[in-house]
Amino acid sequence: MSNYHIKHLEEYYQVYRKSVRAPENFWEEVAEEHFLWQKKWDNVLSWDFSKPEVKWFEGAQLNITENCIDRHLATRGDKTAILFEPNDPKDDAEHITYNQLHQRVNQFANVLKDQGIKKGDRVCVYLPMIPELAIAVLACARIGAIHSVVFAGFSATALSTRINDSDCKMVITSDGSYRGAKTIDLKGIVDEALKECACVETVLVAKRIHSDIDMKSGRDKWLQPLLDTASTDCKAELMNAEDPLFILYTSGSTGQPKGMVHTTAGYMVYTAYSFKNAFQYKEDDVYWCTADIGWITGHSYIVYGPLANGATTIMFEGVPSYPDFGRFWEIVEKHKVNQFYTAPTAIRALAKQGLELVEKYDLSTLKVLGSVGEPINEEAWHWYNDNVGKKKSPIVDTWWQTETGGIMITPIPFVTPTKPTYATLPFIGIQPALMDENGKELKGNQVDGRLCIKFPWPSMARTIWGNHQRYKDTYFSAYENKYFTGDGALRDEVGYYRITGRVDDVIIVSGHNLGTAPIEDAINEHPAVAESAIVGFPHDVKGNALYGYVILKDVGETRVHDNLRKEINQIITEHIGPIAKLDKIQFTQGLPKTRSGKIMRRILRKIAHKDTSNLGDTSTLLNPEVVQDIMDNAL
Ligand code: WTA
């Protein structure tokens, strides 16, 4: 039996049981049958969560780009690999075949080599959703350089922090980007960031908006002329199974962003296998994930997972609202999309628009709908199911994380019966556990706890770049011998999982993870601010929005509060990016604190949620009197 493509529920249970009883045999079989290895492994898995150390397919040698590109050339050379849909619908879409992708990745890889990039070097990629982004990522992988893609919506400060953290030698960017009706000066942001980055020697600049930009001589180089003269042959670097493939930053509840390190073989096997099954991808299907490659969803399910299966994957440069809110559906009709994968925040924004924008387009090619990034509420689920899927296309509510590399809990379409707001069953090979407050595993069904994973899976992150101790503290210290996700979940009477949300100080706004501490640090930089605390509150489109409580240094601050609010959001935009702006800012005389000086966020959260009926015991606070005052002035 080939375990590679699951087709009915019985088979799911059978394969699942096999994958849990004998994980090594299971993954070995998948790896043997479906990938190209230059050398096979000596050992499938070794692991020790107490260190933590996890190694898959040790001893194996491979290059992921040979698996994503070269091995398809004989049978799929003229098939579209990447279908680029530009920001402006009047511009032509670009079909990049596997043959063309092969040439372009090789040329780019040769340019990287000519510029002195070697195996193991870190390369920061700060590009909009244009083909060069996917090609740059693959070119790095071709020569064994470690890519660190930074979402092109992050500010100069956020970019420089990430560049310095992983000591990148090169930045790949563009002269600008289109975002709906706006253009963004990406190169200007890079220039600003690089004032703080001594490690960067070279900046390669792709042309996108043809704007007149400053090029710093000796450092900045236009990409195209270099590509034009580069050879289309580039031997793939032989990589060890556990060599790092990329670093991708994610927010933590405290401190600097965490550079999650993903390695080569396990990541490839798991993203390919999960892509195939979670979307039931068939040859000749057109698959579209609307995420940005700056996030893990784009890495695993726009680039690596689809290409490892020889799929056609769409890259969309624009936004759902441009030129109008029918854009997604127009693209589905135009490219006859079969699998469509997006985020609940996009679904909620589109559901607010008139139905005629959906009904105007032929969506009959859609077979599978996906959701990712945050819990999908019941209303959005039904809107998606009724109006986009016409009740015929199963919704796969896929739960996973930057850290997990691939989808962890999800229905398999046409296999697992779906249930609104439930991510349903663990994917093949995944062993979830729910934990109670005392660190005991909750057995059986109808339980509610903290979500952990108790056995390694191939695509898990192996460490945090430069800080293994933090990796251990964050993920492997809360519960013995288990990976802790930071999420809460419940298991219903049939064993389906529903993710209830973060249990730490990470807030998911429009599907983006935001740590509260870095935002507070940014606000506290404002000369008028003494202290601040951020919490989330429900928002009908973004899922959560941010509520800031701010204490001013000078209580008699004469400047109007509205100006201060603007300035505070401006500082946040500069330090992190516009995605972290606060929706509400309340100025207050004090923040509720415990006797040890810790801010009681639970109380602030309740006030922001407008749920003050049961604030719990506030008498143990250092300053119980501020609670009433905050409530009286709540926004
Ligand atoms: C949340 C995105 C509910 C969760 C792939 C997780 C979800 C965090 C879902 C990771 C889902 C992601 N249902 N919550 N289907 N998918 N999340 O690292 O809180 O950007 O821990 O990875 O998003 O976000 P990240």
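Up top you'll find the structure we're talking about.
Since the structure is predicted, the reported quantities are computational estimates derived from the model, not experimental observations.

A. Representation of the overall build of the chain in the model. When you go through the chain residue by residue, the secondary structure sums to 20 helices and 31 strands. On C-alpha atoms alone, the chain measures out to a radius of gyration of 24 Å, which is about the 26 Å that the 2.2 N^0.38 rule sets for 635 residues. By its C-alpha atoms, the chain is 75 × 65 × 55 Å across when sized along the principal axes. With 635 residues in all, the chain has 60% of them scored as buried. Long-range pairs, those at least 24 residues apart, make up 71% of the contacts in the chain between residues at least 6 apart in sequence.

B. Highlighting the pattern of salt bridges. With the rule as written, the count across this model stands at 37 salt bridges. With a shortest N-O distance of 2.9 Å, Lys454 and Glu441 are connected by a salt bridge. Of this pair, Lys454 sits in the loop between strand 23 (447-453) and strand 24 (463-464) while Glu441 sits in strand 22 (residues 441-442), and the two are 13 residues apart along the sequence. Since its relative accessible area comes to 26%, Lys454 is described here as partly exposed. Of the residues examined, Glu441 reaches a relative accessible area of 21% and is grouped as partly exposed. A single network of salt bridges, built from pairs that share partners, joins Glu85, Arg327, Glu330 and Lys334.

C. Just empty space enclosed by the protein, in detail. For the structure on display, the rule yields two cavities of 30 Å³ or more. Roughly 40 Å³ of volume is contained in the largest cavity. Taken together, Asn63, Ile64, Ala141, Gly144, Ala145, Met239, Pro244, Leu245 and Thr264 make up the full set of residues lining the largest cavity. In terms of residue class, the lining of the largest cavity is made up of six nonpolar, three polar and no charged. Of the pockets and cavities examined, the second largest cavity occupies roughly 30 Å³. In terms of lining residues, the second largest cavity is bounded by Val149, Val150, Phe151, Phe154, Arg162, Leu248, Tyr249 and Gly294.

D. Seen up close, the sheet that holds strand 31 (residues 584-587). Pairing in this open sheet of three strands is mixed, and the strands run 29-30-31 from one edge to the other. The open sheet terminates on both sides in strands that have one partner only, identified here as strand 29 (529-539) and strand 31. Ignoring which end each strand starts from, the neighbouring axes of this sheet average 20° apart.

E. Highlighting the site of the ligand. Surveying the vicinity of the ligand reveals 17 residues, the closest of which are Asp397, Thr398, Thr402, Asp487 and Arg502. Between the ligand and Pro375, the relevant distance is 3.4 Å, taken from a nitrogen atom to a main-chain nitrogen or oxygen of the residue. Contacts to the ligand include Gln401, whose side-chain N or O atom sits 2.9 Å from an oxygen atom. Starting from 530 Å² of accessible surface for the ligand in isolation, the protein chains cover 96%. If you list the elements that add at least two residues to the shell around the ligand, you get helix 11 (296-308), strand 20 (395-398) and strand 26 (497-502).

F. Representation of the side chain of His102 in the model. With respect to the helices and strands, the residue His102 is situated in helix 5 (residues 98-114). Residue His102 is classed as buried on the basis of its relative accessible area, which comes to 17%. With residues up to four places along the chain from it excluded, the contact list for His102 reads Ile69, Asp70, Leu73 and Arg142.

G. How the structure looks around the packing of aromatic side chains. Under the criterion given, the structure shown has 46 aromatic pairs. Pairing Phe49 with Phe476 gives two aromatic rings, centres 5.0 Å apart and planes at 55°, and the pair type is tilted. A residue pair is termed long-range when its members are at least 10 positions apart, and Phe49 in the loop between strand 1 (43-48) and strand 2 (53-58) and Phe476 in the loop between helix 16 (468-475) and strand 25 (483-491) qualify at 427 residues. By relative accessible area, Phe476 is classed as buried at 6%. Taken together, the aromatic side chains of Trp47, Phe49, Phe455, Trp457, Tyr471, Tyr475, Phe476 and Tyr483 make up a single cluster linked through ring pairs. Sitting above the plane of the Trp222 ring, Lys207 keeps its charged end 4.3 Å from the centroid. In this structure, Lys584 packs its charged tip against the face of Phe537, placed 4.7 Å from the ring centre.

H. Seen up close, the packing of helix 17 (residues 516-524) against helix 18 (residues 561-575). The interhelical angle for the contact between helix 17 and helix 18, taken along N-to-C directions, is 125°, at an axis separation of 9 Å. Taken together, helix 17 and helix 18 sit at an angle that is classed as oblique. As helix 17 runs across helix 18, the sense of the crossing is right-handed. Residue-level contacts link Ile519, Ala522 and Ile523 of helix 17 to Ile568, Ile571, Ile572 and His575 of helix 18.

I. The pairing of strand 2, seen in detail. Inspection of the sheet shows strand 1 paired to strand 2 by five bridges, in the antiparallel sense. Paired with Asn43 across the bridge in strand 2 is Glu58. Hairpin connection between strand 1 and strand 2: a loop of four residues separates the two successive antiparallel strands.

J. Broad picture of the packing of helix 19 (residues 601-608) against helix 20 (residues 625-632). Running from amino to carboxyl end, helix 19 crosses helix 20 at an angle of 20°, the nearest separation of the two axes being 10 Å. Relative to helix 20, helix 19 is oriented roughly parallel. Like other packed secondary-structure pairs, helix 19 and helix 20 cross with a definite hand, here right-handed. On the side of helix 19, the interface is formed by Ile603, Leu604 and Ile607, while helix 20 contributes Val627, Ile630 and Met631. Residues of the contact of helix 19 with helix 20, tallied by class, amount to six nonpolar, no polar and no charged.

K. View of the nonpolar core. Judged by nonpolar contacts, the single largest core of 123 residues is most densely connected at Trp37, Phe57 and Tyr304. Per element, the largest residue contribution to this core is ten residues, and it comes from helix 6 (residues 131-143). With residues near it in sequence (within four places) discarded, Phe57 still touches Trp27, Glu28, Ala31, Trp37, Trp41, Asn43, Val44, Ala241, Ala265, Gly266 and Val269. If you look at the next biggest cluster of nonpolar residues, it comprises 41 residues, including Leu194, Val203, Ile519 and Ala528.

L. Local environment of the environment of Ala308. Residue position: Ala308 is located in helix 11. Through-space distance from the C-alpha of Ala308 to that of Thr594 is 52 Å; in sequence the pair is 286 residues apart.

M. Region of the structure containing helix 13 (residues 344-351). For helix 13, the buried fraction is high: six of the eight residues fall into the buried class. Among the residues of helix 13, those classed as buried are Pro344, Thr345, Ala346, Ile347, Arg348 and Leu350. Where helix 13 is buried, its residues contact helix 12 (327-335), strand 18 (339-342), strand 19 (368-372), helix 15 (378-388) and strand 30 (543-552).

N. Structural detail: the environment of Pro538. Tracing the backbone through its elements, the reader meets Pro538 in strand 29. Residues Pro538 and Asp487 lie 51 residues apart in sequence; the distance between their C-alpha atoms is 17 Å. Those residues in contact with Pro538 that sit more than four places away from it in its chain are Gly543, Asn544 and His609.

O. Broad picture of the pairing of strand 21 (residues 432-435). Of the two faces of strand 21, both are covered, the one formed by Pro432 and Leu434 as well as the one formed by Ala433 and Met435. In this sheet, strand 23 lies alongside strand 21 in antiparallel orientation, the contact comprising four bridges. Across the sheet, the residue bridging to Leu434 is Leu451, located in strand 23. When strand 21 meets strand 22, the two strands line up antiparallel, connected through two bridges. Residue Met435 lies in a different strand from strand 22, and its bridge partner there is Glu441. Taking the residues between adjacent antiparallel strands as the criterion, strand 21 and strand 22 are bridged by five residues, where Gly439 takes a positive phi near 85°.

Quick notes on the rules
Residues numbered from 1 in each chain as written. Predicted model: local features only at pLDDT ≥ 70, side-chain atom pairs only at ≥ 80, totals over all residues. Heavy atoms only, no water. Helix = DSSP H or I, 4+ residues; strand = E, 2+ residues; numbered from the N terminus. Rg over C-alpha atoms; globule rule 2.2 N^0.38 Å. Buried < 20%, exposed > 50% of the residue type's maximum accessible area, 1.4 Å probe, protein only. Contact = heavy atoms within 4.5 Å. Salt bridge = Lys/Arg side-chain N within 4 Å of Asp/Glu carboxyl O. 1 Å grid on protein atoms, 1.4 Å probe; cavity = no way out; pocket = protein on both sides within 12 Å on 5 of 7 lines; lining within 4 Å. Points joined across faces, edges and corners; volume = space filled by probe spheres on them. Nonpolar A, V, L, I, M, F, W, Y, C, P; charged D, E, K, R; others polar. Pairing = 2+ DSSP bridges. Axes fitted to C-alpha atoms, helices over the stretch in contact; angles between N-to-C directions. Near = heavy atom within 4 Å. Polar contact = N/O pair within 3.5 Å; in protein donor to acceptor, adjacent residues only side chain to side chain. Areas by Shrake-Rupley, 256 points an atom, 1.4 Å probe, with all protein chains shown as cover. Phe/Tyr/Trp six-rings, centres within 6.5 Å; stacked < 30°, edge-to-face > 60°. Lys NZ or Arg CZ within 6 Å of the ring centre and 35° of its normal. Parallel < 35°, antiparallel > 145°, perpendicular 65-115°, else oblique. Left-handed = near helix turned anticlockwise from the far one by under 90°. Core = buried A, V, L, I, M, F, W, Y, C linked by side-chain atoms within 4.5 Å.

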